[in-house]
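Structural features, examined
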Amino acid sequence: MIGLELTRPWLLLALVVAGPLLAIYFKRSLSDFPRKQRMVSLAVRTCIVALLVLALAGLTLLYSTAEKYVVFVVDQSTSIGDNAAKAAGEFEKTALEHVGGNQVAFIPFAAHSGAVQPTPVEFGEHPSILKPAMEPGGQSKEQPAADATKDKAGEAAKAESDEAAELRDGTNLASAIETAAGYLPPGYVPQIVLLTDGNETVGDAAAAAARAGVPISAFPLPARSEPEVQVSQVSAPAEVRQGEPFFVDVTIDSNHEDEGFIEVYRGDHKVIGEKRKLKLGENKFRFQQSIDRERLASFSARVSQLSQDTLLDNNMDSALVFASGKPRVLIVESDPNLIRELSYSLEDQGIQTDVRPPQGMPETLADLQNYELVMISNVPATALSQRQMEVLRTYVQDLGGGLIMLGGEQSFGLGGYYKSTLEEILPVRSDFEKEKEKPSIGMVIVIDKSGSMGGDKIEMAKSAARGAVELLGRRDQVGVIAFDGDSYLICEMQSANNKAKISDEIGRIDAGGGTTMYPAMEMANDLLMASNTKLKHVIILTDGISTPGDFEGLAQQMVSNRMTVSTVGVGSDADQAELESLARVGKGRFYFTEDPAQIPQIFARETVTASKSAIDEQPFLPQVVRATHALQEIDFQSAPFLLGYVLTRPKPTCEVILATEKGDPLLAWWRYGLGMSAAFTSDAKSRWAAEWITWPEFGKFWTQIVRQLMRKSDARGIAVDLARHGGTTNLSVDAVDPNGQFLNDSEIELNTIDPQLVQKTSRLRQIAPGRYATTLPTAKPGAYHVELALKQNDKVLYRQSRGLTVGYSDELRIRPTNEKLLQQIASVSGGSYSPIPGELFNADGRTATRPAPLTTLLLTTAALLLILDVALRRVDLSLHWPFRRQG
């Protein structure tokens, strides 16, 4: 079949304009050439214009062709073992021997179409000759054959990196089919050949094949034959009662007979360890367990000590179990022995407590989910990592947990919480207005700006210096000095009220040079000598070892001048011994951190401590500011004195429940996201609450406060089911009212927290009477936590927490070749199942229409005619027939 088409037919309108112009030009021509010659010139010129217009309009020749373009889509995921790779290679080799005049491209794939970037390689008429795949416009996407070989070797090396390994940890047949279909160029008979084991982990390959509109021939690759043992599943009840026995079922699959050591862990504690025989196929083991105190327990099973095994990543899996029972509170205290009275009081009122030092602060949501409330008592911000603070914020904001911070010499501003993640959660601010009778302070901040302080260190140091200035009062003074090999006065001694100016000057500090600290200390001494403040203090920050100097002698001189010196060492290269000695002689404090991100908290803590204005240790009686259910039946008229508290400022939207006699907040709370947080600025131990501990209503007071703030979890009438399939999890909720009637037309809000603490809010849809469902993406390994809230008429009726653990990828599971799916792909697309490689390029009666643009031919013809036209207009041909003049 041959035909013509115009790609831009509207440009033919140019002929309508060009025709009359040519006619007018012909009539008004002053040429005295014979009329016949001028008529021929007009005809030639008309042809030239017509050819140019047709070229612009895109005149194209269409003809039929049976030439095929075959794309081989090759599975390179982890489930493809050596035997499968060998089978794929032999198939490709045989197929390429029969390419003929057809075209071929190869696209490897794994977890998604971008897992291994499509790098097709086309073949010419001879299969041994590589041709670069071309982008539109003729730009090459690949190097010539020799260079491409080198480049591919380098890419293969990179593919062994952790990132590439992660990308191979999955099979997305649907994405691979869509990528191949999109790559097929027009003008060829299209065909896709899919070489895979058919075990997709994400996507819907059958649906993608039906949409592709291209015949797909599916060649099944054999399953892995290497010796393999895997923990296929760990299953346990979604919810149990505390102390109630239940079973943890462990399923282990093996493709050979073996013997292994099976271990079961509850959290970090091993509860089972047994040697068991493993038969070929599925092996099921059952272990009885119970939960005594945990609210959320993770049960993990692992198999080891095997005689033969290939992949180790699939030897462990986990399950989460929720336990209902008494509420639990976690108390984190710098000295756990000092908070025992509070712990015992809560236990007497039916609230279980765990007391931990700061090192035991949870770093995972799974650990925090065991508690309805977390209480932090006298723990400095520098004792907590940024990860721990972020996890605690997520626990309160997205999972509805409760938080209380108690006062102490290391809490709030004294603990360095100013502008920290935890201060964001709390209802009070760690900065405050200094009382007029409090002594003014002159502070000099000395910052190491040597070359080793580059990057995050110097930026954190500048941020810390700015934060320290913000914490000082308007009667205070501050100066800033930086040093490397020399010393630089960054900011003259001036009122801390000039915060914007001082901040700008601090921003000029750049890292570079050596480390000479002694002259900077001398400069700081001189600045403070000229200051008339009551208190005088120096903070020195460095990350290295300074050139020698009489540091202790200078520190003693500064102490004799009624100054104090504190030091901060950052990183393992800091001279900790010298800095600690300097702080001891200088009557200050020494801090050390490996994490530059903690510098702002250290400076905030040191600034408030040095100003001696964050604590009021005059006895006072609490004043009820706002009546609340949490204080019901507590007689504050009989309450004894509290002996001190930490000064804070309430945030605008918080509720101040109790205050001091001076009006400062004592107990304040607010709602933060789904949860609540509170600040009690005095303590609950013998320093400031020595008399309160003996108060008969001490336990009742704290129990009612804890119950007010803790996470509410009501499972009555609501059943939650989580079922994971591949990279997604189906979540369903069955809800009934107290009378057993289905709860219909309810709104169920779902908060999901993934392993990277990324939060997503969604709503469940009703699919049956009283049943609601949704699908969650759970492709990443790790723990997922969900918080459900069932509402009617904007009122929360039930709230429930659940979670699941995603272990290794389905790509690592022992599975036979999915022949059923591959047959379905071939059937819905019109392709063949398990094709013979030598017959892929045989003519199958299909043809394609291939366009051949005629632009070049038209322009060449027009150029030749232009030469003739010039001759007809310049040369008098009247002496030659047929242009001979008459008469």
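These remarks concern the structure in this document.

Definitions and cut-offs
- Residues numbered from 1 in each chain as written.
- Predicted model: local features only at pLDDT ≥ 70, side-chain atom pairs only at ≥ 80, totals over all residues.
- Heavy atoms only, no water.
- Helix = DSSP H or I, 4+ residues; strand = E, 2+ residues; numbered from the N terminus.
- Buried < 20%, exposed > 50% of the residue type's maximum accessible area, 1.4 Å probe, protein only.
- Pairing = 2+ DSSP bridges.
- Axes fitted to C-alpha atoms, helices over the stretch in contact; angles between N-to-C directions.
- Patch = residues over 30% accessible without salt bridge, like charges linked within 9 Å, V, L, I, M, F, W, Y side chains within 5 Å.
- Areas by Shrake-Rupley, 256 points an atom, 1.4 Å probe, with all protein chains shown as cover.
- Salt bridge = Lys/Arg side-chain N within 4 Å of Asp/Glu carboxyl O.
- Phe/Tyr/Trp six-rings, centres within 6.5 Å; stacked < 30°, edge-to-face > 60°.
- Arc of directions from axis to C-beta.
- Contact = heavy atoms within 4.5 Å.

Right, let's get into the overall build of the protein. Helix and strand counts for the protein stand at 21 helices and 43 strands. The buried share of the protein, reckoned over its 887 residues, is 51%.

A separate point is the sheet that holds strand β41 (residues 782-792). The strand order across the open sheet built from four strands is β38-β37-β41-β42, with neighbouring strands paired in antiparallel fashion. Every other strand in the sheet has two partners, leaving β38 (759-763) and β42 (795-806) as the edge strands with one partner each. The mean inter-strand angle of the sheet, taken between neighbouring strand axes irrespective of direction, is 20 degrees.

Turning next to the sheet that holds strand β10 (residues 239-241). Strand pairing in a sheet is mediated by backbone hydrogen bonds. Such pairs are either parallel or antiparallel. Read across the open sheet, the five strands follow the order β10-β16-β15-β12-β13; overall the sheet is mixed. Of all strands in the sheet, those bounded by a partner on one side alone are β10 and β13 (269-278). The sheet shows a mean angle of 25 degrees between the axes of neighbouring strands, taken without regard to direction. Note that β10 and strand β16 (residues 316-324) share three bridges and pair parallel. The partner of Arg241 across the bridge, within β16, is Ser324.

Another aspect to go through is a nonpolar patch on the surface. On the surface, a nonpolar cluster with roughly 420 Å² of combined accessible area is contributed by Leu13, Val16, Val17 and Leu21. Along the chain, Val17 falls in helix α1 (residues 13-27). Relative accessible area serves as the criterion here: at 52%, Val17 is assigned to the exposed category.

So, about the packing of aromatic side chains. One pass over the structure, following the stated rule, counts 17 aromatic pairs. Measuring from ring centre to ring centre gives 6.1 Å for Phe680 and Phe701, while their planes differ by 55 degrees; the resulting arrangement is tilted. Residue Phe680 is found in strand β34 (residues 675-680), and its partner Phe701 is found in helix α19 (residues 698-709); the two are separated by 21 residues along the sequence. The class of Phe680 is buried, set by a relative accessible area of 0%.

It is worth spelling out the pattern of salt bridges at this point. Under the defined criterion, the tally for this structure stands at 32 salt bridges. Close ionic contact of Lys68 with Asp844 constitutes a salt bridge, the shortest N to O distance being 3.6 Å. Of the two residues, Lys68 sits in strand β3 (residues 68-75) while Asp844 sits in the loop between α20 (819-829) and β43 (848-853), which places them 776 residues apart along the sequence. The exposure class assigned to Asp844 is partly exposed, which follows from its relative accessible area of 40%. Between Arg286 and Asp249 there is a salt bridge, and its shortest N-O distance comes to 2.8 Å.

As a further point, take helix α13 (residues 499-506). Taken together, the buried positions of α13 are Ile502, Glu505 and Ile506. On an axial view of α13, the arc spanned by its buried residues comes to 100 degrees, and they lie on one face. When the buried face of α13 is taken as reference, the exposed residues oriented beyond 90 degrees from it are Ala500 and Asp504. Close packing links the buried residues of α13 with α12 (456-471), β23 (477-483) and β24 (487-495).

These figures come from the coordinates and say nothing about function on their own.
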